[in-house]
Amino acid sequence: MELLKERIRKDGVVKKGNVLKVDSFLNHQMDIQLFNEIGKEFKRLFAACPINKILTIEASGIGIACIVAQYFDVPVVFAKKAQSINIDGEVYSTKIESFTHKKIYDVIVSKKFLNENDKVLIIDDFLANGCALAGLIDLVKSAGASIEGIGIVVEKGFQKGGDLIRSKGVRLESLAIIEGMNDETGEIFFRD
Ligand code: 5GP
């Protein structure tokens, strides 16, 4: 998505440790016009899929997922990072290691909001090593729901997540795929 790549080139900041900061338009301050274009693009890509629910993870996936959901006219469920998992069986839970915080979280979704009739589009802001997505896929499988596809705004193609997820046979669409970044010059290289 050219508009997104241009914006990343203009306002993205390359940090040490393979981190790209996009907090002026994507995951702190949010550019809703850009989000609308992202929503339209995911709708175009997944138009043929019978999606009835969007699943994301707190916090930075939520804003994007909500705008995308308007184009599909479906509800959004976000997986919650829990302090302690509730053991009364009312939730699906999994563990996710955070790329940015280097911490392992228990992540939950209530059984009320995900079940075997659901056809899910998973949406998230970034794909790095794929831990967040692997956890979300695990939650969908626990619920017996089906995954229609995964939409990612920025994939760091030089990290292992993209290959890992595609090797599971899940349809993964990333709107911008970064091949490399240089934290000294600030350059960002995209896959075509
Ligand atoms: P993964 O689980 O694929 O390793 O990482 C995905 C999550 O880590 C995303 O939901 C995102 O919040 C965060 N993340 C990973 N890499 C970056 C990055 O370069 N920049 C930002 N802003 N967040 C990242």
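Owing to the predicted nature of the structure, the values given are computational and were not obtained by experimental measurement.

Novice: Explain helix α4 (residues 131-143) to me, and be specific about the residues and the numbers.
Specialist: What sets the pattern is the α-helix's 3.6 residues per turn: residues three or four places apart point alike. Along its 13 residues, α4 runs 19 Å from first to last C-alpha, staying within 8% of the 18 Å computed at 1.5 Å per residue. Residues of α4 that are buried include every one of Leu133, Gly135, Leu136, Ile137, Leu139, Val140 and Ala143, and no others. Phi turns positive, to about 75°, at Gly144, one or two residues after α4.

Novice: So what about the layout of surface pockets? Which residues, and what values?
Specialist: By volume, the largest pocket amounts to about 710 Å³. What lines the largest pocket is a set of 31 residues, among which Ser60, Phe99, Thr100, Asp125 and Phe126 lie closest to the centre. With 4 residues, the single largest contributor to the lining of the largest pocket is strand β7 (residues 119-127). Counted as a void, the second largest pocket has a volume near 150 Å³. Per-element tally for the lining of the second largest pocket: the top contributor is strand β4 (residues 76-82), with 4 residues.

Novice: Residues and numbers for the nonpolar core, please.
Specialist: Ile8, Leu20, Leu26, Ile38, Phe42, Ile54 and Phe72 are the most contacted members of the largest nonpolar core, which totals 34 residues. Mapped onto this core, the elements with two or more residues apiece are α1 (2-11), α2 (32-45), α3 (60-72), β7, β8 (146-156), β9 (172-181) and β10 (188-190). With sequence-adjacent residues up to four places away left out, Phe42 is seen in contact with Val68, Phe72, Ile123, Gly151, Ile152, Val153, Glu173 and Leu175. Judged by nonpolar contacts, the second largest core, of 25 residues, contains Ile122, Ile137, Ala143 and Ile150.

Novice: Go over the packing of aromatic side chains with me, naming the residues and quoting the values.
Specialist: Per the stated rule, a full pass over the model turns up 0 aromatic pairs. We note Lys81 situated over the ring of Tyr105; from NZ or CZ to the ring centre the distance is 5.0 Å.

Novice: How would you explain the site of the ligand if you had to name every residue and give the values?
Specialist: Around the ligand sit 17 residues in total, of which Leu20, Asn129, Gly130, Ala132 and Lys156 are the nearest. The backbone of Asn129 places a nitrogen or oxygen atom 2.8 Å from an oxygen atom of the ligand. Protein contact buries 89% of the 500 Å² of open area that the ligand shows by itself. A majority-of-atoms criterion places the ligand in the largest pocket. Those elements giving two or more residues to the shell around the ligand turn out to be β2 (19-21), β7 and α4.

Novice: Could you give me a rundown of unusual backbone geometry, with the residues and numbers involved?
Specialist: Along the chain, Glu58 connects to Ala59 via a cis peptide bond; the corresponding omega equals 0°. Along the chain, Ala59 turns up in the loop between β3 (53-57) and α3. Even without being glycine, Asn18 reaches a positive phi, approximately 60°. One non-glycine residue, Asp73, lies in positive phi territory at about 60°. Along the chain, Asp73 turns up in the loop between α3 and β4.

Novice: Describe in detail the side chain of Asp106, supporting the description with residues and values.
Specialist: The topology assignment puts Asp106 in strand β6 (residues 104-110). Note on Asp106: relative accessible area 16%, which makes it buried. Separated by 2.6 Å, the side chains of Asp106 and Lys95 make a polar contact.

Novice: I'd love a proper account of the pairing of β7, names of residues and values included.
Specialist: Consecutive side chains along a regular strand alternate between the two faces of the sheet. For β7, the buried fraction is high: 8 of the 9 residues fall into the buried class. With 3 bridges joining them, β3 and β7 adopt parallel strand pairing. Its bridge partner being in β7, Ile54 is matched across the sheet by Leu121. Two elements, β7 and β8, share 8 bridges in a ladder whose sense is parallel. Within β8, the position partnered with Ile122 by the bridge is Ile150.

Conventions and cut-offs
- Residues numbered from 1 in each chain as written.
- Predicted model: local features only at pLDDT ≥ 70, side-chain atom pairs only at ≥ 80, totals over all residues.
- Heavy atoms only, no water.
- Helix = DSSP H or I, 4+ residues; strand = E, 2+ residues; numbered from the N terminus.
- Expected span 1.5 Å × (residues − 1).
- Buried < 20%, exposed > 50% of the residue type's maximum accessible area, 1.4 Å probe, protein only.
- 1 Å grid on protein atoms, 1.4 Å probe; cavity = no way out; pocket = protein on both sides within 12 Å on 5 of 7 lines; lining within 4 Å.
- Points joined across faces, edges and corners; volume = space filled by probe spheres on them.
- Core = buried A, V, L, I, M, F, W, Y, C linked by side-chain atoms within 4.5 Å.
- Contact = heavy atoms within 4.5 Å.
- Phe/Tyr/Trp six-rings, centres within 6.5 Å; stacked < 30°, edge-to-face > 60°.
- Lys NZ or Arg CZ within 6 Å of the ring centre and 35° of its normal.
- Near = heavy atom within 4 Å.
- Polar contact = N/O pair within 3.5 Å; in protein donor to acceptor, adjacent residues only side chain to side chain.
- Areas by Shrake-Rupley, 256 points an atom, 1.4 Å probe, with all protein chains shown as cover.
- Sits in = over half its atoms within 2 Å of the grid points.
- Pairing = 2+ DSSP bridges.

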